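The residues making up each chain are set out below.
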Amino acid sequence: MPKDQNVAALNLDDYKYGFKDPDSYVFKSEKGLSRQIVEQISEMKEEPDWMRKFRLKGLEIYESKPVPKWGADLSGLNMDEIYFYVKPSEGEGRTWDEVPEDIKRTFDRLGIPEAEQKSLSGVGAQYESEMVYHRIKDDLAAQGVIFDSIEDGLKKHPDLFKRYFATVIPPHDNKYAALNSAVWSGGSFIYVPPGVEVDIPLQAYFRVNSENLGQFERTLIIADEGSKLHYIEGCTAPTYSTDSFHSGVIEIIVNRGANVRYTTIQNWSNNMYNLVTQRARVEEDARMAWLDGNLGSKITMKYPSCYLMGRGASGEIMSIAYAGPGQHQDAGGKMVHAAPHTTSEIISKSISKGAGRSTYRGLVQVQKGAHNASSNVECDALLLDENARTDTYPYIEIDENDASIGHEATVSKIGDEQLFYLMQRGLADDEARTMVVRGFIEPISKHLPLEYAVELNRLVELEMEGSVG
Amino acid sequence: MTGKKELLVIEDLHAAVEGNEILRGVDLTIHEGELHALMGPNGSGKSTLAKIVAGHPAYAVTKGSIRYRGEDLLGLEVDERARKGLFLAFQYPSEIPGVTIAQFLRHAKSARTGEDISVLDFYDDLKVAMQKLDVDEKFAERFVNDGFSGGEKKRNEILQMAMLKPNLALLDETDSGLDIDALKIVSDGVNTLHREREHLGVLIITHYQRILNYIQPDFVHVMVDGKIVRSGDRELATHLETEGYESMRGQLTAAGS
Ligand SMILES: Nc1ncnc2c1ncn2[C@@H]1O[C@H](COP(=O)(O)OP(=O)(O)O)[C@@H](O)[C@H]1O
Ligand SMILES: [Mg+2]
């Protein structure tokens, strides 16, 4: 990748995303979670009664489920310290000029409006609990593509919304999906009509600004028959000494013959608990690809999944995790083969540095009747230090014996001879290591649009700086 | 004395790895512009010498000195030596999966020159260098040494040398595994660079004299058991071809007893 590629638009020089703006909001809930807060959110959003009930049900389920013990350590996450709803401004802008000045400045610093001009079909921007900006290019809107905040989706397209909402990830799926069901706010609602191809990506950007904030975006994407969509999600927050919390739910319906790619480059500050549920329902001959880049956060638990429901459906999960000191990336994926001739592939690449810890956790399931399913899983871990740690938990459940399942896992270190070779060509130690790491993630980064591949490489470079003791 | 400036001066070099002494008092001087050949049987310490000059951390220098253009080399890191124009063509080059030759070379080139070269200039240079070495343009987009044949690896080393324009090139068994056509092309690459850069000093490490038909050395040295036991002109290489190294080994024993 040429080094001087213009990446200004993506603004990556540092964890300079760590900057913060003065708090400004038109409403901030009390700390902690209560039925009253849930009702308040629903009321402020002027929701129909069914949604209010849905939220309260979500709260009930959340409260009934224990904190999961099987994954990363969540004991430090104190819900009583979290603000569950902060409304930064009134209404959502359709132009950046309609966004309050200080918030607009933040997104300028993050390079979002510039990227929108240059390389995107549309942008949604969330600040604290609400989307503050949403816009899609006119030609796509003219073709019937809907790209709204989730709240507007519910208001403006109630039938379509209700038909799909929470059908892929019901509240009882897991504790944090239940929590999101109760307090969701912000996120996108996307509908791509049959046969329409959105070739240039749409992007959503999530920004948390104030301390102890909980952000609970909810995204619903419906790609109708034969349509195509690439959606990119980015996220950052200031660094605080106390913890913040992000728990999104992303549901995707990939109808017959449609093709959806969902890319996340998660670069939360290192005080963020990031517990996200994302799942796609993939119909006949449709294709879903998740590309999940987890670089930031304190703890991430995130396993994008594909439910391959229609004959010939296929799913792909590519996951990159970078765990530096104090970080635990517990990531992976889930492929459920529920129909014949379905195919899936999971490629996971993790890098652990210092006392950083990465975990691959994956499930491949072939259900009864899903004949001739095939699945391939590859997980590679790269350890940069002696005390870095990686674990692999691959679960495989097969109920048909004609399934073809491949699994491969490797753990490696940067070799002394590799380093000597690169340094003999003039590269400094950390530059040489960075190069090996870049090469390691290349099988995944090559699937990113150029600007994002450059961004990812830059992020890795930044993480690698000073990695030499 | 040639009157030329000293490029590399190795004096009484002793080196060990894991407590085993491998080099046992090496003396070698290369002046600017000179072509030297270092020959010797397998295991005699030729690669070790090259790696120590390049700064490989696995070897401990226990005695002696290495000076490069008047500067003490032993105090410098591997990359510092490289940036000062010291180049080692590896006997066994490492694979760097996922990194293309072009990406790698661009980084190396800007490290070597200390400035960011424009993409266009870089690709122009690269193209010319590749043509000279008769490698396909697609070569630059392949991952460094990943799945390369022995011959491809050697060409890649020479391509890098041509791009990085060193002052001193150590070529460790660059001829091994090459068929005669490839050998000619690679030798041509070395000769061309040597013509273009008249200060370039070259140390060709080999245990066959075959390559010396294409690259004509000014001096030939023979290493046996971690010591240079004979030095001479190119006649020495021919002599070795007929007599073998065994006679040298005898000499060493005689000298050492
Ligand atoms: N890293 C190393 N660890 C242990 N032994 C080594 C190492 N490098 C070289 N040697 C030993 O040093 C001797 C010289 O090796 P080498 O320099 O590769 O010889 P040559 O290049 O002349 O064939 C051999 O006996 C070899 O086994
Ligand atoms: Mg050797």
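The rules behind these values
- Residues numbered from 1 in each chain as written.
- Chains lettered and ligands numbered in written order.
- Predicted model: local features only at pLDDT ≥ 70, side-chain atom pairs only at ≥ 80, totals over all residues.
- Heavy atoms only, no water.
- Helix = DSSP H or I, 4+ residues; strand = E, 2+ residues; numbered from the N terminus.
- Rg over C-alpha atoms; globule rule 2.2 N^0.38 Å.
- Buried < 20%, exposed > 50% of the residue type's maximum accessible area, 1.4 Å probe, protein only.
- Contact = heavy atoms within 4.5 Å.
- Donors = N, O, S within 2.8 Å, 3.2 Å for Na, K, Ca; no water.
- Domains from an automatic or database assignment.
- Buried area = accessible area lost by both parts, 1.4 Å probe.
- Salt bridge = Lys/Arg side-chain N within 4 Å of Asp/Glu carboxyl O.
- Nonpolar A, V, L, I, M, F, W, Y, C, P; charged D, E, K, R; others polar.
- Polar contact = N/O pair within 3.5 Å; in protein donor to acceptor, adjacent residues only side chain to side chain.
- Pairing = 2+ DSSP bridges.
- Near = heavy atom within 4 Å.
- Areas by Shrake-Rupley, 256 points an atom, 1.4 Å probe, with all protein chains shown as cover.
- Core = buried A, V, L, I, M, F, W, Y, C linked by side-chain atoms within 4.5 Å.
- Expected span 1.5 Å × (residues − 1).
- Axes fitted to C-alpha atoms, helices over the stretch in contact; angles between N-to-C directions.

Caption draft 1: Examining the overall build of chain B more closely. If you tally the helices and strands in chain B, you get 8 helices and 12 strands. Compactness check: chain B gives a C-alpha radius of gyration of 18 Å against a globular reference of 18 Å for 257 residues, within 12% of the reference. When the backbone C-alpha atoms are referred to their principal axes, chain B occupies close to 60 × 40 × 40 Å. The 257 residues of chain B split such that 55% are buried. Relative to all contacts within chain B whose residues are 6 or more apart in sequence, the contacts with residues 24 or more apart total 70%.

Caption draft 2: Molecular detail of the overall build of chain A. The secondary structure content of chain A amounts to 11 helices and 24 strands. Computed over the C-alpha atoms, the radius of gyration of chain A is 21 Å, within 12% of the 23 Å expected from 2.2 N^0.38 for a compact globule of 469 residues. With respect to the three principal axes, the spread of C-alpha positions in chain A is 65 × 55 × 45 Å. Counting only residues that meet the buried cut, chain A has 63% of its 469 residues in that class. Looking at chain A alone, contacts between residues at least 24 apart form 84% of all its contacts between residues at least 6 apart.

Caption draft 3: Seen up close, the coordination of the magnesium ion (ligand 2). All names here are of chain B. The magnesium ion (ligand 2) binds to the protein through Ser-47 (OG) and Gln-91 (OE1), with metal-donor distances spanning 2.1 to 2.3 Å. In this pair, Ser-47 sits in helix 1 (residues 46-54) while Gln-91 sits in the loop between strand 6 (86-89) and strand 7 (96-100), placing the two residues 44 residues apart along the sequence. When its relative accessible area of 18% is taken as the criterion, Ser-47 is described as buried. A relative accessible area of 18% places Gln-91 in the buried class.

Caption draft 4: Main features of the domain arrangement of chain A. Residue and element names in this part refer to chain A. The domain boundaries assigned to chain A delineate domain 1 (16-415) and domain 2 (416-469). A separation of 27 Å is found between the C-alpha centroids of domain 1 and domain 2. Residue-level contacts link 28 residues of domain 1 with 24 residues of domain 2. Together, the buried faces of domain 1 and domain 2 total about 2,300 Å²; carbon and sulfur atoms form 74% of this surface. Connecting domain 1 to domain 2 are 0 salt bridges. Every element with two or more residues in the side of domain 1 that touches domain 2 is listed here: strand 7 (197-207), strand 10 (228-236), strand 13 (259-266), strand 18 (314-323), strand 20 (343-352) and strand 22 (374-383). Among the residues making up the side of domain 1 that touches domain 2, the classes are represented as 16 nonpolar, 8 polar and 4 charged.

Caption draft 5: Spatial organisation of unusual backbone geometry. All names here are of chain A. For Glu-46, which is not a glycine, the phi torsion comes out positive at approximately 50°. Within the secondary structure, Glu-46 sits in the loop between helix 1 (35-44) and helix 2 (49-64). Here Glu-46 falls in the exposed class, since its relative accessible area comes to 63%. At Ala-166, a position not held by glycine, the phi torsion is positive, near 65°. As for its placement among the helices and strands, Ala-166 is situated in the loop between helix 7 (158-164) and helix 8 (175-183). Among the residues examined, Ala-166 registers a relative accessible area of 14% and is labelled buried.

Caption draft 6: Examining the interface of chain B and chain A more closely. Contact with chain B, which involves 35 residues of that partner, is made by 22 residues of chain A. Summed over both sides, the interface between chain B and chain A buries roughly 2,400 Å², with carbon and sulfur atoms accounting for 63% of that surface. It is Phe90(B), Phe104(B) and His107(B) in chain B that bury the most area against chain A; as a group they hold 23% of the surface buried on that side. Across the chain B-chain A interface, the total number found is 1 salt bridge. The interface formed by chain B and chain A includes 12 residue pairs in polar contact (both at pLDDT 80 or more). In terms of residue count, the dominant contributor to the side of chain B that touches chain A is helix 3 (residues 101-113) of chain B (6 residues).

Caption draft 7: Here's a closer look at the pairing of strand 15 (residues 287-294) of chain A. All names here are of chain A. Burial analysis of strand 15 places 7 of its 8 residues in the buried class, the great majority of the element. In the sheet, strand 13 pairs with strand 15 via 8 bridges, with the strands oriented parallel. When the sheet's bridge partners are listed, Gln-266 is paired in strand 15 with Asn-294. Note that strand 15 and strand 18 share 8 bridges and pair parallel. Bridged to Arg-287 within strand 18 is Ser-314.

Caption draft 8: How the structure looks around the site of ligand 1. Residue and element names in this part refer to chain B. Around ligand 1, the neighbouring residues are Val-17, Ile-22, Pro-41, Asn-42, Gly-43, Ser-44, Gly-45, Lys-46, Ser-47, Thr-48 and Tyr-59. Gly-43 places a polar main-chain atom, nitrogen or oxygen, 2.7 Å from an oxygen atom of ligand 1. Between ligand 1 and Thr-48 there is a distance of 2.5 Å, counted from an oxygen atom to a side-chain nitrogen or oxygen. Coverage of ligand 1 by the protein amounts to 62% of the 560 Å² it exposes when considered alone. The residue makeup of the shell around ligand 1, split by class, is 4 nonpolar, 6 polar and 1 charged.

Caption draft 9: Structural context of the nonpolar core. Phe107(A) and Leu49(B) are the most contacted members of the largest nonpolar core, which totals 130 residues. In terms of residue count, helix 10 (residues 429-445) of chain A provides more of this core than any other element does, 7 residues in total. Formed by 46 residues, the second largest nonpolar core is a distinct cluster that contains Val198(A), Met288(A), Ile346(A) and Val377(A).

Caption draft 10: Region of interest: the environment of Asn174(A). Residues and elements named next belong to chain A. With respect to the helices and strands, the residue Asn-174 is situated in the loop between helix 7 and helix 8. With a relative accessible area of 22%, Asn-174 lands in the partly exposed category. Setting aside anything within four residues of it in sequence, one finds Asn-174 in contact with Lys-65 and Thr-277. Among the polar contacts listed, one links the side chain of Asn-174 to the backbone nitrogen of Ala-177, at a separation of 2.8 Å.

Caption draft 11: The arrangement of the pattern of salt bridges in detail. Residues and elements named next belong to chain B. Applying the stated criterion to the full structure yields 39 salt bridges over all chains. For Asp-12, the salt bridge is made with Lys-63, and the minimal N-O distance between the two is 3.4 Å. Placement of the pair is Asp-12 in strand 1 (residues 6-17) and Lys-63 in strand 4 (residues 60-68), with a sequence separation of 51 residues. Note on Lys-63: relative accessible area 47%, which makes it partly exposed. A salt bridge links Arg-83 to Asp-79; its shortest N-O distance comes to 3.2 Å. Taken together, the residues Arg-83 and Asp-79, both in helix 2 (residues 78-83) and 4 residues apart, mark about one turn of the helix.

Caption draft 12: Structural view of helix 6 (residues 180-196) of chain B. All names here are of chain B. Relative to the 24 Å expected for 17 residues at 1.5 Å per residue, helix 6 spans 24 Å between its end C-alpha atoms, a close match to the ideal helical length. Restricting attention to buried positions, one finds in helix 6 the residues Ala-182, Leu-183, Ile-185, Val-186, Ser-187, Gly-189, Val-190, Asn-191, Thr-192, Leu-193 and His-194. Considering only its buried residues, helix 6 is in contact with strand 3 (35-39), helix 4 (119-132), helix 5 (150-164), strand 9 (168-172) and strand 10 (201-205). One side-chain oxygen of the residue at the start of helix 6 lies 3.2 Å from the amide nitrogen of Asp-181, identifying that residue as Asp-179.

Caption draft 13: Examining the sheet that holds strand 4 (residues 130-136) of chain A more closely. Residues and elements named next belong to chain A. Pairing within the open sheet is mixed, and its 10 strands lie in the order 4-3-7-10-13-15-18-20-22-24. If you trace the sheet from one side to the other, it starts and ends with strand 4 and strand 24 (404-413), each paired once. Adjacent strand axes in the sheet meet at a mean angle of 10°, parallel and antiparallel pairs treated alike. Sheet contacts for helix 3 (residues 101-109): strand 3 (122-127), strand 4 and strand 7; angle to strand 3, the most-contacted strand, approximately 120°.

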